[in-house]
Amino acid sequence: MDLRLFFHTLVNIGSSGQDEAQGNVTKMVNTFSVITTVLCLLFGTLIYLGTGNIRLLVPAYLEAGFFLGILLLNSLNKPVLASIFFIAINNIAIVYFSAILGMLTEVHLLFLFLLGASLMIFRTRTLIAASIVLAVMSVVACELNYYYAVISPVITDHAQQFTIRWIALSAILLLDMATIFLYVRKLKTLNTRLVKATDEKTIFVRETSHEIRNPLNAIYGISQHLMMKVHKEEKYHELRPEIEHLYSATHNVLQIINNVLAISRIEGGASHTINNEAFNVKELFTDKIIVYQYIADMRGIRIKADIREGMPDAIIADKGKLAQVFNNLLFNAIKFSKINSIITVMVCRNGDQWQFLVKDQGEGIPEEELLTLFTPFKAGKSDFEGSGLGLPITKKYVELMGGKISVNSTLHEGATFIVQLPLTICEKPLPAARDTMMELTLHKGLKSLVIDDNEMSQVILSNFLRRLGFTVVIACNGAEGINKAMDEKPDIIFIDSYMPGLSGKDTVMNIRKIPAFSNIPVIAVSVD
């Protein structure tokens, strides 16, 4: 007979047809019942052989029979009643054997068993509390009997007492060990499910956010284009407030989406690498301030930059992470500043480090909120909706770059965020920056091929290229792009990195196989 199969059959009695949670409870009760049945039969027999006292053997066998009855209750689909009976039988047995054996039984050690069993087999607080109270009452009753000797022990021989003590102690310790083992296994199972659920949630949020960001980038591009138009052409002056609100709103939502994707990458460990590069730090901060000034204008806020002398022009750092840190801090300052106030951005060298600070003129941060300031999803109150992810991401990125972030706040006066980072100066001269006011017809007469499956992205990129003087040809997928390339003979190709069917990479490889396009410039375009 296969004992493992027999034990498995006993443990699973009554669990079929139940939901997963209740089925696990039923299996737990059955497991405990089988273990205690075996212990009652084994140690009851051993104690009887050692003492010859029938008052110890019969109750032990009766207890074993009652525990087998619990399996019967579960087979009749009475799981709650079976659990209650299990706890009740154990408490009665504790009181009885404690009374007739006296202080030989370390009854207080069974409290751990009863506590663990109660937490595992009951699903409601009421039953858990009642079970624990009953266990406490049983232990108290045993201790009172020890003290007042209401019932005298039946074993008085010293040698027998010593034998019984160790037999009882072994049984109690086995029960406690079984409880701990089952409880730990349950925790591991729950933890595995929690990790799986968290991973699935992270994947869902990341993929959903990514899908949202695709059209949102297009909307943001349209709003940028409209902003440029209303600032250049007076005839659109009446539309300027609405377009500025559109630009600000899309920028805000895009910032939230980017932060959600960033926190997903951090949780997945994908953002733990540092990609250092040489860049002009003054240009980085100036360009960002120009972008955010449009949003600040809506609230009458002016952003003032103060880049101190002694700060090197070119440094080596992770430009992408640094840009996102500054984005989050500057956008935060705009959100919480008072209307018609000033935000100060200062960049300076500090020995072998450099630092930048963003100071607003808002209401400041209460002292109790400073403790949870960098906790995810703790968003402050402002006129802009937020996810509460900006500051946690900022802190994580600053620490990854080997720096630290601190905040000083005075109520009703504002807050100052200070970022300190290691300074690595780029000794080699950077390539000269191209004139940002270049002639828009620089590429007049050149033909470009745009391969993108997203219509909104096609519109945005096409409009941008036409403003630069390009003639634009559009293809909606890789296969069409290859055909259009052979028919139209473009001078340059812009291609989406991710497309259904033939991917951007595969499309480029196929185009490169055509002798006429082996050296054609190809620019990959992606919202990533």
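Here, every reference points to the structure presented above.
Residues numbered from 1 in each chain as written. Predicted model: local features only at pLDDT ≥ 70, side-chain atom pairs only at ≥ 80, totals over all residues. Heavy atoms only, no water.

Describing helix H3 (residues 54-75)
Which entries qualify depends on this criterion: Strands here mean DSSP runs of E at least two residues long; helices mean DSSP runs of H or I at least four residues long; both are numbered from the N terminus. Here the expected span of a helix is defined as 1.5 Å times the quantity of residues minus one. Only protein chains enter the accessibility calculation, which uses a 1.4 Å probe; a residue is then buried when its area is under 20% of its type maximum, exposed when over 50%, and partly exposed in between.
In this model H3 runs 32 Å from its N-terminal to its C-terminal C-alpha over 22 residues, within 8% of the 32 Å that 1.5 Å per residue would give. All buried positions along H3 are accounted for by Leu56, Leu57, Pro59, Ala60, Glu63, Ala64, Phe67, Ile70, Leu71, Leu73 and Asn74. Among the residues trailing H3, Asn77 stands out with phi positive, at a value near 60°.

Here we look at the environment of Arg299
As a reminder of what qualifies: Residues adjacent in sequence count toward polar contacts only when both atoms are side-chain atoms; beyond that, a polar contact is any pair of N or O atoms within 3.5 Å, and within protein one must be able to donate a hydrogen and the other to accept it.
Turning to its location among the elements, Arg299 is positioned in the loop between helix H9 (281-297) and strand S2 (302-307). Sequence separation of Arg299 and Ser337 is 38 residues, and the distance between their C-alpha atoms is 8.9 Å. A distance of 2.8 Å separates a polar side-chain atom of Arg299 from the backbone oxygen of Ile334.

Some remarks on the nonpolar core
Generally speaking, soluble globular proteins have nonpolar side chains that are buried together. Selection rule: Nine residue types can take part in a nonpolar core, namely buried Ala, Val, Leu, Ile, Met, Phe, Trp, Tyr and Cys, and a core is a set of them joined through side-chain atoms within 4.5 Å.
Ranked by size, the top nonpolar core spans 55 residues in total, and within it Ile303, Leu329, Leu330, Trp354 and Phe356 carry the most contacts. Of all hydrophobic cores here, the second largest spans 40 residues; its members include Leu39, Ile89, Ala93 and Ile94.

Focus: the packing of helix H2 (residues 20-51) against H3
Convention followed: Every axis corresponds to a line fitted to the C-alpha atoms, with the helix fit spanning only the stretch in contact, and the corresponding angles, defined between N-to-C directions, vary from 0 to 180 degrees. These descriptions rest on fixed angle ranges, namely under 35 degrees for roughly parallel, over 145 for roughly antiparallel, 65 to 115 for roughly perpendicular, and the rest for oblique. In this scheme the crossing of two helices becomes right-handed for a clockwise turn of the near helix relative to the far one and left-handed for an anticlockwise turn of less than a right angle. Each residue receives one of three labels: charged for Asp, Glu, Lys and Arg, nonpolar for Ala, Val, Leu, Ile, Met, Phe, Trp, Tyr, Cys and Pro, and polar for the others, Gly being one of them.
Between H2 and H3, whose axes approach to 8 Å, the crossing angle comes to 165°. Overall, the two elements H2 and H3 adopt an arrangement that is roughly antiparallel. Relative to H3, the crossing made by H2 is left-handed. Within the contact of H2 with H3, the residues separate by chemical class into 16 nonpolar, nine polar and one charged.

So, the sheet that holds strand S9 (residues 471-475)
Keep this limit in mind: In short, DSSP must find at least two bridges between two strands for them to pair. The criterion used for residue contact is that any of the two residues' heavy atoms lie within 4.5 Å.
The four strands are arranged S9-S8-S10-S11 in an open sheet whose pairing can be described as parallel. Every other strand in the sheet has two partners, leaving S9 and strand S11 (522-525) as the edge strands with one partner each. Averaged over all pairs of adjacent strands, the angle between strand axes in this sheet comes to 20°, irrespective of strand direction. One ladder, built from four bridges, connects strand S10 (residues 492-496) with S11; its direction is parallel. Of the residues in S11, the one forming a bridge with Asp496 is Val525. Helix H14 (residues 478-488) rests against strand S8 (447-451) and S9 of the sheet, and its axis sits at about 145° to S9.

Focus: unusual backbone geometry
Most peptide bonds are trans, and most residues other than glycine sit at a negative phi. A positive phi angle is found at Asn77, which is not glycine, with a value near 60°. Even without being glycine, His412 reaches a positive phi, approximately 70°. Within the secondary structure, His412 sits in the loop between strand S6 (404-410) and strand S7 (414-422).

Brief notes about the packing of H3 against helix H4 (residues 79-101)
When two helices pack together, their arrangement is given by the angle between the helix axes and the distance between those axes. Axis separation between H3 and H4 bottoms out at 9 Å; the angle between their running directions is 170°. In this view, H3 runs roughly antiparallel relative to H4, as classed from their interaxial angle. On H4, the residues that touch Arg55, Leu56, Pro59, Ala60, Glu63, Phe66, Phe67, Ile70, Leu73 and Asn74 of H3 are Pro79, Leu81, Ala82, Phe85, Phe86, Ile89, Asn90, Ala93, Tyr96, Phe97, Ile100 and Leu101. Its residues placed into classes, the contact of H3 with H4 shows 18 nonpolar, two polar and two charged.

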